[in-house]
Amino acid sequence: MKAATGIGAAEFARRRKQLMRMAGDDAILVLPAAPERIRSHDTHYPYRQDSDFWYLSGFPEPEAVLVLVPGRKHGEALLFCRERDPEREAWDGPRAGQEGAVGDYGMDDAYPIDDLDEILPGLLEGRSRVYYHFGRDADFDLKLIGWVRHVRAQVRQGAEPPHEFLELGHLLHELRLFKSRDELKLMRRAADISVQAHLAAMRAARPGIHEYELQADVERVFRAHDAWPAYGSIVGAGANACVLHYRANNAQARDGDLVLVDAGAEFRGYAADITRTFPVNGRFTPAQRALHDLVGAAQRAALAQARPGLPYEAGHNAAVETLTEGLLKLGLLKGKLEKNIADGSYRRFYRHKTGHWLGLDVHDVGDYRIDGESRLLEQGMVFTIEPGLYVSHDDETVDAKWRGIGIRTEDDVLVTDGDPSVLTDALARNADEIEAAMAAG
Ligand code: GLY
Ligand code: MN
Ligand code: MN
């Protein structure tokens with residue numbers, strides 16, 4: 001199984017144990033696999049397992065439910081999954097079946113998914129607390145309510161229905177926030193593949209190339225390394241770079257344009273998330289370079305805050321201060337630094353946050369604030385640092401040379417016990433490095 005997941009069976013078992021210990025002996029935890037989704041008529045989107053389900057099982061199939069029952073004598077980790085079916089398997093490929101769930105995925109016991117209705121009420125009975133993700137899958141929410149009602153209907157026969165319903169994410173996402181050695185290996189691999197992919201795009205760039213051609217160069221490298229795009233790749237030339245979630249990727253880059261590429265590989269479920277902005281003709285103009293340098297300075301300022309014991313938000317604050325100071329120097333903002341920060345004037349050019357947790361999900365799970373305060377960084381956390389500047393093409397309050405320039409520089413950072421480790425460090429980052437990388441292509 002390790003080949004398919006990159007994570008050993010012992011680690012999956014350890015995660016389940018840890019979660020059960022956090023939940024307590026009177027709890028039960030219920031996690032459905034991701035449903036298959038229709039793309040059109042009778043074809044589906046490529047299947048992607050639910051990240052929480054994957055984190056606890058490494059089980060790749062749809063139509064499955066993981067049930068964890070801490071302290072249960074006849075087995076704590078139970079998987080409901082599809083039965084083997086030679087006719088279906090001839091069309092869709094092999095299924096693990098119940099035997100595989102136990103033998104290959106380390107479950108204590110496994111049942112056919114069709115027996116869920118029959119067995120689940122009995123497992124809920126006598127457990128006081130249910131941990132589950134409410135509101136993620138409306139169909140499954142209704143099923144769970146039905147099973148609970150089933151137990152409630154038998155109170156007079158002595159049944160004890162659960163009486164507390166808790167958000168599973170509170171416990172599970174705290175675990176997922178801290179990456180293990182095996183997880184970091186996969187994340188480094190996703191980062192390395194993404195570095196190669198960005199380099200391929202830089203080298204393919206030339207005036208007249210279409211955004212989708214550059215997207216193809218990036219994603220070819222992903223697939224060539226057994227990876228997928230972790231999210232819809234963004235390739236924006238010229239003013240398209242100012243559209244934060246630009247996805248059309250269908251314009252042509254003109255001589256003199258910058259191109260912003262925000263793309264990351266997903267390898268064995270783990271995401272990388274990189275942005276680089278480069279001149280399509282290989283040379284930055286002075287105005288482009290000035291803003292690119294400023295974004296780089298903001299990124300370095302944020303990176304200096306990526307240390308254990310410092311608040312997560314310190315990175316964003318440092319980036320905002322650096323950007324605002326630079327915008328004042330360049331004449332894009334006017335007035336006092338403190339005032340521009342306090343009244344949010346800088347948001348005209350920088351409207352997003354400086355990063356997010358990274359892991360199985362590109363915008364990974366985990367709280368950013370605890371009891372109303374920014375949480376403190378700890379070893380093993382991974383997040384992005386992605387400051388940017390975006391000057392609208394029709395902003396007549398600024399000198400014409402700045403208009404339509406959009407720049408973001410994004411890297412992936414691991415908090416260690418000392419200096420942060422930049423997983424995506426190998427990719428050309430500042431203007432000189434980018435020009436050199438492009439010239440070498
Ligand atoms: N690619 C999504 C992000 O940068 O957050
Ligand atoms: Mn990001
Ligand atoms: Mn990104």
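Here the structure is a predicted model, which is why all the values come from computation and not from measurement.

A. Region of the structure containing the pairing of strand β4 (residues 65–68). Of the two faces of β4, both are covered, the one formed by V65 and V67 as well as the one formed by L66 and L68. In the sheet, strand β1 (residues 27–32) pairs with β4 via four bridges, with the strands oriented antiparallel. When the sheet's bridge partners are listed, P32 is paired in β4 with V65. As judged from the four bridges shared by β4 and strand β5 (residues 77–81), these two strands associate in the antiparallel manner. Paired with L68 across the strands is A77, a residue of β5.

B. Structural context of the layout of surface pockets. One number sums up the size of the largest pocket: a volume of about 1200 Å³. Lining of the largest pocket is provided by 32 residues; of these, P46, Y47, R48, Q49 and E266 occupy positions nearest its centre. Elements supplying a minimum of two residues to the lining of the largest pocket: β1, α3 (51–57), β9 (228–229) and β12 (265–267). The residue makeup of the lining of the largest pocket, split by class, is 18 nonpolar, four polar and 10 charged.

C. Representation of the coordination of the manganese ion (ligand 2) in the model. Protein-derived coordination of the manganese ion (ligand 2) comes from D273 (OD), H356 (NE2), E386 (OE) and E410 (OE), at a distance range of 2.0 to 2.2 Å. Bound by six donor atoms, the manganese ion (ligand 2) shows angles of 52 to 155 degrees at the metal and therefore irregular coordination geometry. Look at where the donors of the manganese ion (ligand 2) fall in the sequence and you get D-x82-H-x29-E-x23-E. Between the two metal centres, the manganese ion (ligand 2) and the manganese ion (ligand 3), the spacing is 3.3 Å, with D273 acting as a shared donor. Of this pair, D273 sits in the loop between β13 (270–271) and β14 (274–279) while E410 sits in the loop between β19 (406–408) and β20 (411–414), and the two are 137 residues apart along the sequence. Of the two residues, D273 and E410, both sit in the buried class.

Cut-offs and rules
- Residues numbered from 1 in each chain as written.
- Chains lettered and ligands numbered in written order.
- Predicted model: local features only at pLDDT ≥ 70, side-chain atom pairs only at ≥ 80, totals over all residues.
- Heavy atoms only, no water.
- Buried < 20%, exposed > 50% of the residue type's maximum accessible area, 1.4 Å probe, protein only.
- Helix = DSSP H or I, 4+ residues; strand = E, 2+ residues; numbered from the N terminus.
- Pairing = 2+ DSSP bridges.
- 1 Å grid on protein atoms, 1.4 Å probe; cavity = no way out; pocket = protein on both sides within 12 Å on 5 of 7 lines; lining within 4 Å.
- Points joined across faces, edges and corners; volume = space filled by probe spheres on them.
- Nonpolar A, V, L, I, M, F, W, Y, C, P; charged D, E, K, R; others polar.
- Donors = N, O, S within 2.8 Å, 3.2 Å for Na, K, Ca; no water.
- Tetrahedral: all angles 85-135°; square planar, octahedral: opposite > 155°, others 65-115°.

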